[in-house]
Amino acid sequence: MKEFYALLDHLKSLYENGLYEDVKLLADMLIATTDSSPVTSQSFFSTVSASTSLSSTSQSSTTSTISFQCDPKDKYTLLYLYGNAAFNLREYKTAESLFNRALQINKSNLKPKPKNLTSLDSETDIQIKYNLHLCLFYDKKYQDAYLILDSIPSKQRTIKILLAMGKLCQLLMNNKEAITIYKEVLKISKFSIVAIEALLNLGIKMDDLPKMPSNISTDWLNMYLKGKSSMISRDYKEAIKSFKTLDCNLTHRSAEVLCSLANSQYLNGEYPNAISSFEKGQKIHPVFEC
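Predicted model only: the values in this text are computed from it and were never measured.

Conventions and cut-offs
- Residues numbered from 1 in each chain as written.
- Predicted model: local features only at pLDDT ≥ 70, side-chain atom pairs only at ≥ 80, totals over all residues.
- Heavy atoms only, no water.
- Helix = DSSP H or I, 4+ residues; strand = E, 2+ residues; numbered from the N terminus.
- Buried < 20%, exposed > 50% of the residue type's maximum accessible area, 1.4 Å probe, protein only.
- Contact = heavy atoms within 4.5 Å.
- Areas by Shrake-Rupley, 256 points an atom, 1.4 Å probe, with all protein chains shown as cover.
- Phe/Tyr/Trp six-rings, centres within 6.5 Å; stacked < 30°, edge-to-face > 60°.
- Lys NZ or Arg CZ within 6 Å of the ring centre and 35° of its normal.
- Salt bridge = Lys/Arg side-chain N within 4 Å of Asp/Glu carboxyl O.
- Expected span 1.5 Å × (residues − 1).
- Arc of directions from axis to C-beta.
- Core = buried A, V, L, I, M, F, W, Y, C linked by side-chain atoms within 4.5 Å.
- Patch = residues over 30% accessible without salt bridge, like charges linked within 9 Å, V, L, I, M, F, W, Y side chains within 5 Å.
- Axes fitted to C-alpha atoms, helices over the stretch in contact; angles between N-to-C directions.
- Parallel < 35°, antiparallel > 145°, perpendicular 65-115°, else oblique.
- Nonpolar A, V, L, I, M, F, W, Y, C, P; charged D, E, K, R; others polar.
- Left-handed = near helix turned anticlockwise from the far one by under 90°.

A. Spatial organisation of the overall build of the protein chain. Within the protein chain one finds 14 helices and zero strands. Across the 290 residues that make up the protein chain, the buried fraction comes to 39%. Long-range contacts, defined as pairs at least 24 residues apart, comprise 56% of the intrachain contacts of the protein chain with a sequence gap of at least 6. Carbon and sulfur atoms form 53% of the exposed surface of the protein chain, whose accessible area is close to 17100 Å².

B. Spatial organisation of the packing of aromatic side chains. This structure, assessed with the given rule, holds eight aromatic pairs. Following the ring pairs from residue to residue traces out a cluster consisting of Phe87, Tyr92, Phe137, Tyr138 and Tyr142. Just above the ring of Tyr130 sits the side chain of Lys160; from NZ or CZ to the centre is 4.3 Å.

C. Expanded view of the side chain of Ser264. Mapped onto the fold, Ser264 is located in helix 13 (residues 255–267). Beyond its immediate chain neighbours, meaning those up to four positions away, Ser264 contacts Met231, Tyr236, Ala239, Ile240 and Phe243.

D. Molecular detail of the pattern of salt bridges. Inspection of every chain in the model, using the stated rule, returns eight salt bridges. A salt bridge links Glu238 to Lys226; the shortest N-O distance between them is 3.7 Å. You can see Glu238 sitting in helix 12 (residues 236–249) and its partner Lys226 sitting in helix 11 (residues 219–232), a full twelve residues away along the chain. A single network of salt bridges, built from pairs that share partners, joins Lys93, Glu96, Asp139 and Lys141.

E. Region of the structure containing helix 14 (residues 271–284). Compared with the 20 Å implied by 1.5 Å per residue over 14 residues, the 20 Å span of helix 14 between its first and last C-alpha is a close match. Of all the residues in helix 14, the buried ones are Ala274, Ser277 and Gly281. The arc that holds the buried residues of helix 14, viewed along the axis, is 65°, so those residues lie on one side. Facing away from the buried side of helix 14, by more than 90 degrees, are the exposed residues Pro272 and Lys283. As for helix 14, its buried residues are in contact with helix 13.

F. Here's a closer look at the nonpolar core. Membership of the largest hydrophobic core comes to 68 residues, with the highest contact counts inside it found for Leu11, Leu149 and Tyr182. If one sorts the elements of this core by residue count, helix 4 (residues 72–88) sits on top with nine residues. Setting aside residues up to four positions removed in sequence, Leu149 forms contacts with Lys129, Tyr130, His133, Arg157, Ile161, Ala164, Met165 and Leu168.

G. Quick peek at a nonpolar patch on the surface. Together, Tyr266, Leu267 and Tyr271 make up an exposed nonpolar region whose accessible area comes to about 330 Å². Along the chain, the position of Tyr271 falls in helix 14.

H. Structural detail: helix 2 (residues 20–34). Helix length check: helix 2, at 15 residues, gives a terminal C-alpha distance of 21 Å against a target of 21 Å (1.5 Å per residue), a fit within 8%. Listed as buried for helix 2 are Val23, Ala27, Leu30, Ile31, Thr33 and Thr34. All buried residues of helix 2 fall inside an arc of 150° around its axis, so they share one side. In this structure, helix 2 carries Leu25, Met29 and Ala32 as exposed residues pointing more than 90 degrees from its buried face.

I. The packing of helix 6 (residues 123–138) against helix 7 (residues 142–150), seen in detail. Direction vectors running N to C along helix 6 and helix 7 enclose 175°, while the axes themselves pass 8 Å from each other. With respect to helix 7, the axis of helix 6 lies roughly antiparallel. Of helix 7, the residues touching helix 6 (which contributes Lys129, Tyr130, Leu132, His133, Leu136 and Phe137) are Tyr142, Asp144, Ala145, Ile148 and Leu149. Residue composition of the contact of helix 6 with helix 7, grouped by class: eight nonpolar, one polar and two charged.

J. Quick peek at the packing of helix 12 against helix 13. Two elements in contact, helix 12 and helix 13, have axes separated by 9 Å at closest approach and are oriented at 155°. The angle between helix 12 and helix 13 falls in the class roughly antiparallel. Once helix 12 is placed against helix 13, the crossing between them reads as left-handed. Contact residues: helix 12 offers Tyr236, Ala239, Ile240, Phe243, Lys244, Leu246 and Asp247, while helix 13 offers Val257, Leu258, Ser260, Leu261, Ser264, Gln265 and Leu267.

Here it is as structure tokens:
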């Protein structure tokens, strides 16, 4: 048992140092010593019994076998580290499989809770679900990705999780739910520009958005959002005016503002001006993506 925990500590150290290839190799072999069943892609939402897919019984043999005894919590940690290593190596299918299996282990070993208490996920569960949603997102399984995030109790949904849910709702053409979620984001942080722009794209007017804190000067931000709002409503001349005003009033030029100005000019048919603005933005930030 001590030998297993020593190996688990080494695995954690490898992960913390970003040696994901090593984590993958060591974790795979450690899992093989604690569980004879192969890693499957069983979904977290599946009704298949965890006892059949997550057996921890060591395989008996007439010859001596390498076998470590570990409890479900340790196996969960192994799968979590292995899954994150695969995720960081962009092996999303493998990561999806491992994350699902980790969630199944945790789900099947939860103690029954009184009906009057709300079940809460652990921080690790939440991180697994967030990374699992990304695996599904990259595989264009948007509905499954949304369901994974939706399974996180509402009180535990961070602003990052809410933003991801809002984007998925847009992709799934559920605009009403997207608006509700983005407004929830702005209750937590009024400076989430992504949420503000999404709401503008979904038809919400500037005047209907939450006001910025009065103790902070945000004229520059309001001008930027005014330009974005004009772009969305296809009033490109007004958008150009807003972005030019902002460009002139900033102490230093912004690649984001110049990019927005260039896009407005392009959409307004001012192609030479658009090229000029793009080039100016590229000089400031050569790898900036408009």
